[in-house]
Amino acid sequence: GAVVSQHPSRVICKSGTSVKIECRSLDFQATTMFWYRQFPKKSLMLMATSNEGSKATYEQGVEKDKFLINHASLTLSTLTVTSAHPEDSSFYICSARGSNQPQHFGDGTRLSIL
Amino acid sequence: LAKTTQPISMDSYEGQEVNITCSHNNIATNDYITWYQQFPSQGPRFIIQGYKTKVTNEVASLFIPADRKSSTLSLPRVSLSDTAVYYCLVVDINTNAGKSTFGDGTTLTVKP
């Protein structure tokens, strides 16, 4: 149980493109979802926290207009990197948490902007 | 928000028991302690979670002293495939506002 599916696993696109990443909880209802960014050999950096039906809460320094988060249902959250540039290249990881449950993570999305 | 401190790295050998300790001096009453394992280019994988005393599952044990200011993840008889980064997380799982911030983790290297 507690499976989180994240798609796509890898994206390579040109500068200026917007990229959408999906995060789905397959067998539980996720009251809260989290989006992280991870650089090589570094820890996960929390970008934002979202609760179903509410606006996401962004961490300091994370541009909400650059990283659009939608948590439209209890099983789906999306992260859209708008007008992506090379500096947005990174490993993005989502996680989902049910009520009174630990977080479970997706397998990440490797984003490469050329 | 409780901050966690772990050793940066640890080395072990196949078949040994490994204990990784995490300090969380500012843990709040409602916070739970959760441990994750991460391999390169993958998302973290849930290992174990606890609130106090001892928790055991099929892969690990978690020891939490009475003051809850630290916790120890115990991995019995590690193998080469246990080489990974291990993170402890302290978070209030009972509220929607309980966000979770990762510390630096412990890189465990298991040698033959």
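Quick look at the overall build of chain A
Along its length, chain A carries 0 helices and 11 strands. Starting at the N terminus and walking to the C terminus, you meet the elements of chain A as β-β-β-β-β-β-β-β-β-β-β. The C-alpha radius of gyration computed for chain A amounts to 13 Å, which stays within 12% of the reference 13 Å derived for 114 residues, consistent with globular compactness. Along the first, second and third principal axes, the C-alpha set of chain A runs to 40 × 25 × 25 Å. Across the 114 residues of chain A, 54% fall into the buried class. Across chain A, every contact between residues at least 6 apart in sequence was considered, and the portion connecting residues at least 24 apart equals 54%. In the form shown here, chain A has an accessible surface area of approximately 5,500 Å², with 50% of it arising from carbon and sulfur atoms. Taking the 12 positively charged and 9 negatively charged side chains of chain A as two groups, their mean positions are separated by 5 Å.

Focus: the interface of chain A and chain B
On the chain B side, the residues contacting the 24 residues of chain A number 24 residues. Across the interface of chain A and chain B, roughly 1,700 Å² is buried in total on both sides, 47% from carbon and sulfur atoms. Joining chain A to chain B, the criterion identifies 0 salt bridges. Seen at the junction of chain A and chain B, the total is 4 residue pairs in polar contact (both at pLDDT 80 or more). Broken down by class, the residue content of the side of chain A that touches chain B amounts to 8 nonpolar, 11 polar and 5 charged.

A word on the packing of aromatic side chains
Counting across every chain of the model gives 10 aromatic pairs over all chains. Between phenylalanine 67 of chain A and tyrosine 92 of chain A the ring centres are 6.2 Å apart and the planes differ by 45°, which places this aromatic pair in the tilted class. With phenylalanine 67 of chain A in strand 7 (residues 67-73) and tyrosine 92 of chain A in strand 9 (residues 90-97), this pair connects stretches of sequence that are 25 residues apart. The two residues phenylalanine 67 of chain A and tyrosine 92 of chain A agree in class, both being buried. Their ring planes at 75° and their centres at 6.1 Å tell us that tyrosine 36 of chain B and phenylalanine 46 of chain B sit as a pair that is edge-to-face. One end of the pair, tyrosine 36 of chain B, is in strand 3 (residues 32-38); the other, phenylalanine 46 of chain B, is in strand 4 (residues 45-50), with 10 residues separating them in the sequence. With a relative accessible area of 25%, phenylalanine 46 of chain B lands in the partly exposed category.

Describing unusual backbone geometry
Cis rather than trans, the peptide bond between histidine 7 of chain A and proline 8 of chain A has omega equal to -5°. Mapped onto the fold, proline 8 of chain A is located in the loop between strand 1 (4-7) and strand 2 (10-13). With phi around 60°, asparagine 100 of chain A is a residue other than glycine that occupies positive phi space. Along the polypeptide, asparagine 100 of chain A turns up in the loop between strand 9 and strand 10 (103-105). With a relative accessible area of 40%, asparagine 100 of chain A lands in the partly exposed category. Not every positive phi belongs to a glycine, and arginine 68 of chain B is a case in point at roughly 60°. Summarising the element assignment, arginine 68 of chain B is placed in the loop between strand 6 (61-64) and strand 7 (70-75).

Observations concerning the state of the cysteines
Scanning the entire structure with this criterion turns up 2 disulfides over all chains. In this model cysteine 23 of chain A forms its disulfide with cysteine 94 of chain A; the gap between the sulfur atoms is 2.0 Å. Disulfide cysteine 23 of chain A-cysteine 94 of chain A: the torsion about the S-S bond is 80°, which places it as right-handed. Placement of cysteine 23 of chain A in strand 3 (residues 19-25) and of cysteine 94 of chain A in strand 9 is noted, with a sequence separation of 71 residues between them. Cysteine 94 of chain A matches cysteine 23 of chain A in its accessibility class, with the two residues each being buried. The disulfide that involves cysteine 22 of chain B links it to cysteine 88 of chain B, with 1.8 Å between the sulfurs. In this pair, cysteine 22 of chain B sits in strand 2 (residues 18-23) while cysteine 88 of chain B sits in strand 8 (residues 84-91), placing the two residues 66 residues apart along the sequence.

Let's talk about the confidence of the model for chain A
Mean pLDDT for chain A: 93, with 99% of residues reaching 70 or above. Summarising per-element confidence for chain A, the mean pLDDT is lowest in strand 7 of chain A (91) and highest in strand 11 (residues 109-113) of chain A (97).

Here is what the cut-offs are and how they apply
- Residues numbered from 1 in each chain as written.
- Chains lettered and ligands numbered in written order.
- Predicted model: local features only at pLDDT ≥ 70, side-chain atom pairs only at ≥ 80, totals over all residues.
- Heavy atoms only, no water.
- Helix = DSSP H or I, 4+ residues; strand = E, 2+ residues; numbered from the N terminus.
- Rg over C-alpha atoms; globule rule 2.2 N^0.38 Å.
- Buried < 20%, exposed > 50% of the residue type's maximum accessible area, 1.4 Å probe, protein only.
- Contact = heavy atoms within 4.5 Å.
- Areas by Shrake-Rupley, 256 points an atom, 1.4 Å probe, with all protein chains shown as cover.
- Lys, Arg positive; Asp, Glu negative; His and termini not counted.
- Charge placed at Lys NZ, Arg CZ, Asp CG, Glu CD.
- Buried area = accessible area lost by both parts, 1.4 Å probe.
- Salt bridge = Lys/Arg side-chain N within 4 Å of Asp/Glu carboxyl O.
- Polar contact = N/O pair within 3.5 Å; in protein donor to acceptor, adjacent residues only side chain to side chain.
- Nonpolar A, V, L, I, M, F, W, Y, C, P; charged D, E, K, R; others polar.
- Phe/Tyr/Trp six-rings, centres within 6.5 Å; stacked < 30°, edge-to-face > 60°.
- Disulfide = S-S within 2.5 Å.
- pLDDT = per-residue confidence, 0-100.

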